Amino acid sequence: AIAQSNGIPTACVLFDKGVLELDEFAGKTLDIIASTNVVNHMDDLRQMMEVIDAVSSENAMFAFEVPYLVDLLEEGAFDTVYHEHVNYFSAKAIGRLLDGGGFRAVRMQKISYMGGSVRVYAVRKMSPAGRGQADIETFLETEQAFFQANPAWRDDFRKRVFHIKRRLLAFVQAELKKGAKICCI
């Protein structure tokens, strides 16, 4: 409502192919598409990229933030994994997603949100913008080193999660025996 009252065409809808039929997008293209903590909620990433491709100008930038898989694993941030977060991303996965949608990353940076996330700036594949960005290669090299150094990362993560679960349950049970009242949200 605030955007609309300021003359900014706004559609409050799910971002799927239905967007393409809205009057707000009729005959128009967008130069900037920004998404903060939304892509990880998308059920159909290919469709999302198709819609982004369809509504984007030739010089468009797609900027988005998503949880970063390596941070989740290193920090043990399993509490960020729940029903509406259906995607967790590595730089390699981000590259494949963007490539399949006609885009490429030109910059990635770590941010602290949700136990560790990345902010990604992407442009169309053929755009001359951002050629030779070293930070993306650094992410890819860091990931490769992490997974090579931790070949049992799945089992290690699972063990850490179960260890924390056991400690939490033991704490709760001990406090209940003391007569504590426990409230969970």
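Before reading further, recall that the structure is shown in the block above.
Now for a quick tour of the structure.

Parameters at a glance
All residue numbers refer to position in the chain's written sequence, counted from 1. With pLDDT at 70 or above as the cut-off, local features in this predicted model cover only qualifying residues; side-chain atom pairs require 80 or more to be listed or tallied, and sums for whole chains, interfaces and linings still use all residues. Note that the side-chain values use all heavy atoms of the structure and ignore hydrogens as well as water. In DSSP terms, a helix is any run of H or I states spanning at least four residues, a strand is any run of E spanning at least two, and both are numbered starting from the N terminus. Based on C-alpha atoms, the radius of gyration is set beside the globule rule, defined as 2.2 Å times the residue count to the power 0.38. Note on classification: 1.4 Å probe, protein chains only; a residue is buried when its accessible area is under 20% of the maximum for its type, exposed when over 50%, partly exposed between these limits. We call two residues in contact whenever any of their non-hydrogen atoms come within 4.5 Å of each other. Surface accessibility in these figures is a Shrake-Rupley result with a 1.4 Å probe; residues are shielded only by whichever protein chains are displayed. The convention is simple: Lys and Arg are positive, Asp and Glu are negative, and His and the chain ends are not counted. A charged residue contributes its charge at one atom only: NZ of Lys, CZ of Arg, CG of Asp or CD of Glu. Each reported salt bridge corresponds to a side-chain nitrogen of Lys or Arg within 4 Å of a carboxyl oxygen of Asp or Glu. Multiplying 1.5 Å by the residue count of a helix minus one yields the expected span of that helix. Should DSSP find at least two bridges between two strands, the strands are taken to pair. Two rings from Phe, Tyr or Trp (for Trp, the six-membered ring) form a pair when their centres sit within 6.5 Å of each other. Planes less than 30 degrees apart are called stacked, planes more than 60 degrees apart edge-to-face, and all others tilted.

Section: the overall build of the protein
No. 1: Helix and strand counts for the protein stand at six helices and four strands.
No. 2: Counting from the amino terminus, the protein carries its helices and strands in the arrangement α-β-α-β-α-α-β-β-α-α.
No. 3: Scaling as 2.2 N^0.38, a compact globule of 185 residues should have a C-alpha radius of gyration of about 16 Å, whereas the protein reaches 20 Å, well beyond that.
No. 4: For the C-alpha atoms alone, the extent of the protein along its principal axes is close to 65 × 45 × 25 Å.
No. 5: Per-residue burial for the protein yields a buried fraction of 34% across its 185 residues.
No. 6: A sequence separation of at least 24 residues applies to 67% of the contacts in the protein between residues at least 6 apart.
No. 7: For the protein, the exposed surface amounts to about 12,000 Å²; the carbon and sulfur share of it is 56%.
No. 8: For the protein, the distance from the average site of its 22 positive side-chain charges to the average site of its 24 negative ones is 9 Å.

Digging into the pattern of salt bridges
No. 1: What the rule picks out here adds up to seven salt bridges.
No. 2: Of the charged contacts in the structure, one is a salt bridge between Glu50 and Lys17, with a shortest N-O distance of 3.2 Å. Of this pair, Glu50 sits in helix α2 (residues 45-55) while Lys17 sits in the loop between α1 (2-5) and β1 (30-36), placing them 33 residues apart in sequence.
No. 3: Under the relative-accessibility criterion, Glu50 is labelled partly exposed at 43%.
No. 4: Note that Glu65 and Arg119 form a salt bridge whose closest N and O atoms lie 2.6 Å from each other. One end of the pair, Glu65, is in strand β2 (residues 56-67); the other, Arg119, is in strand β4 (residues 117-124), with 54 residues separating them in the sequence.

So, helix α6 (residues 153-177)
Along an α-helix, residues three or four positions apart point the same way, because every turn accommodates 3.6 residues.
No. 1: End to end, α6 covers 36 Å across 25 residues, agreeing with the expected 36 Å (1.5 Å per residue, within 8%).
No. 2: Two residues or fewer after α6 comes Gly179, characterised by a positive phi angle close to 90°.

A look at the pairing of β4
No. 1: By the criterion of burial, β4 is predominantly enclosed, with six of the eight residues buried.
No. 2: Alignment of β2 against β4, held across seven bridges, turns out to be antiparallel. Across the sheet, residue Phe62 finds its bridge partner in β4, namely Ala122.
No. 3: Bridge count between strand β3 (residues 103-111) and β4: eight bridges; the pairing is antiparallel. Its bridge partner lying in β4, Arg107 is registered against Tyr121.
No. 4: Joining the antiparallel neighbours β3 and β4 is a turn of five residues, in which Met114 adopts a positive phi near 55°.

Remarks on the packing of aromatic side chains
No. 1: Under the definition given, this model contains four aromatic pairs.
No. 2: Geometrically, the ring pair formed by Phe62 and Phe64 is stacked, given 4.5 Å between the ring centres and 25° between the ring planes. Taken as a pair, Phe62 and Phe64 share a single burial class, namely buried.
No. 3: Ring plane angle 65° and centroid distance 5.4 Å describe the contact between Phe147 and Trp153, whose orientation is recorded as edge-to-face.
No. 4: Using a relative accessible area of 25% as the deciding quantity, one classes Phe147 as partly exposed.

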